[in-house]
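Notes for the structure review
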Amino acid sequence: MEWFGGNYTDYYFKMFSFSHFVVLAILVIVASCIFLNRKNFNLDRWRKVEIGVSISLIFMELVYHIWMYVTQSWNLAYSLPLELCSISLILTVILLLRRKFIIYEILLFTALLGASQAILTPVLSFDFPHFRFFHFFYTHSIIIWVPLYFTWVLGYRPTIWSVVKVFIFLNGIMPLILLINKLVNGNYMFLSHKPDGASLLDYLGPHPWYILLLEGVLLSLSLIVWLIFRERSEGKSINNELGM
């Protein structure tokens, strides 16, 4: 079971390697297939698929934590599900199970702005065919595909208030994450310091000022996402149909 354990030097992952490009290609191909076949989905049949995908995400995440425990790498400082992509994974499971519009509103932005960046520039040590490689790219890809599926197939659309809600949501959980970072000496959501490697945060000034500037970047990118995915035709609002 070397693919489950092993040393990262045996499975060294390199950004924009062949395996990375394959994953990026799969991400784009599946997203394109969802869009091109958006009118051909059997929604009754796909409801079972939604439940199955949510269960698979829970299973993969449980196995991931078991893997960290077995390899003695689980630590309160960095293993809690408090990173943006981990929060998005939880929201993805809830959305698949409950189909709540307010969950979709938040997930659309956290997925397209967070998980997409994580896939493009992954912080990952293990390459194919290690378990961690599959876990990382499977969960992040699903996090992106699900809100696209809910947009193109089920007809969910963000409103300008969706931008406000995601902004309130992220700022609402920030004090809790700051407190947990202090208690466990962690750096969840990079609120304690910048990541060790090169990142966008390097251009946003020192701590804590880069957090404020990051808020501006988040707001600007969220408005772009809203402009791309907002409802352009008149009709019954998904808000009225599903409720808040």
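Above this text sits the structure in question.
This section reports on the structure supplied with the text. Just so we're clear, the structure is a prediction, and the values are computed from it rather than from any experiment.

1. With respect to unusual backbone geometry
Cis geometry is found at the peptide bond from Phe128 to Pro129, where omega equals 5 degrees. Here the bond from His207 into Pro208 is cis, since omega is 0 degrees, no more than 30 degrees from zero. Tracing the backbone through its elements, the reader meets Pro208 in the loop between α6 (160–184) and α7 (209–229). The backbone of Arg99 shows a phi angle near 60 degrees, a positive value even though the residue is not glycine. Position of Arg99 among the secondary structure elements: in the loop between α3 (84–98) and α4 (101–120). The backbone phi angle of Phe190 is positive, close to 55 degrees, even though this residue is not glycine. Looking at where Phe190 falls in the secondary structure, it is placed in the loop between α6 and α7. Exposure remark for Phe190: the relative accessible area of 33% places this residue in the partly exposed category.

2. A short note on the nonpolar core
Counting residues in each nonpolar core, the largest one holds 61 residues, and the members touching the most others are Phe137 and Phe150. The element that contributes the greatest number of residues to this core is α4, accounting for 12 residues. Other than its neighbours up to four places away in sequence, Phe137 contacts Phe13, His20, Val23, Ile119, Pro122 and Leu124. Core analysis: the next-biggest nonpolar cluster, separate from the first, contains eight residues, Val63, Met68, Phe126 and Phe131 among them.

3. What about the packing of aromatic side chains?
Counted by the stated rule, this structure contains 21 aromatic pairs. Between Trp67 and Phe131, the ring centres sit 6.4 Å apart and the planes meet at 55 degrees, which makes this aromatic pair tilted. Separated by 64 residues along the polypeptide, Trp67 in helix α2 (residues 43–70) and Phe131 in helix α5 (residues 131–152) bring together distant segments of the chain. Pair check on accessibility: Trp67 and Phe131 agree, each one buried.

Calculation notes
- Residues numbered from 1 in each chain as written.
- Predicted model: local features only at pLDDT ≥ 70, side-chain atom pairs only at ≥ 80, totals over all residues.
- Heavy atoms only, no water.
- Helix = DSSP H or I, 4+ residues; strand = E, 2+ residues; numbered from the N terminus.
- Buried < 20%, exposed > 50% of the residue type's maximum accessible area, 1.4 Å probe, protein only.
- Core = buried A, V, L, I, M, F, W, Y, C linked by side-chain atoms within 4.5 Å.
- Contact = heavy atoms within 4.5 Å.
- Phe/Tyr/Trp six-rings, centres within 6.5 Å; stacked < 30°, edge-to-face > 60°.

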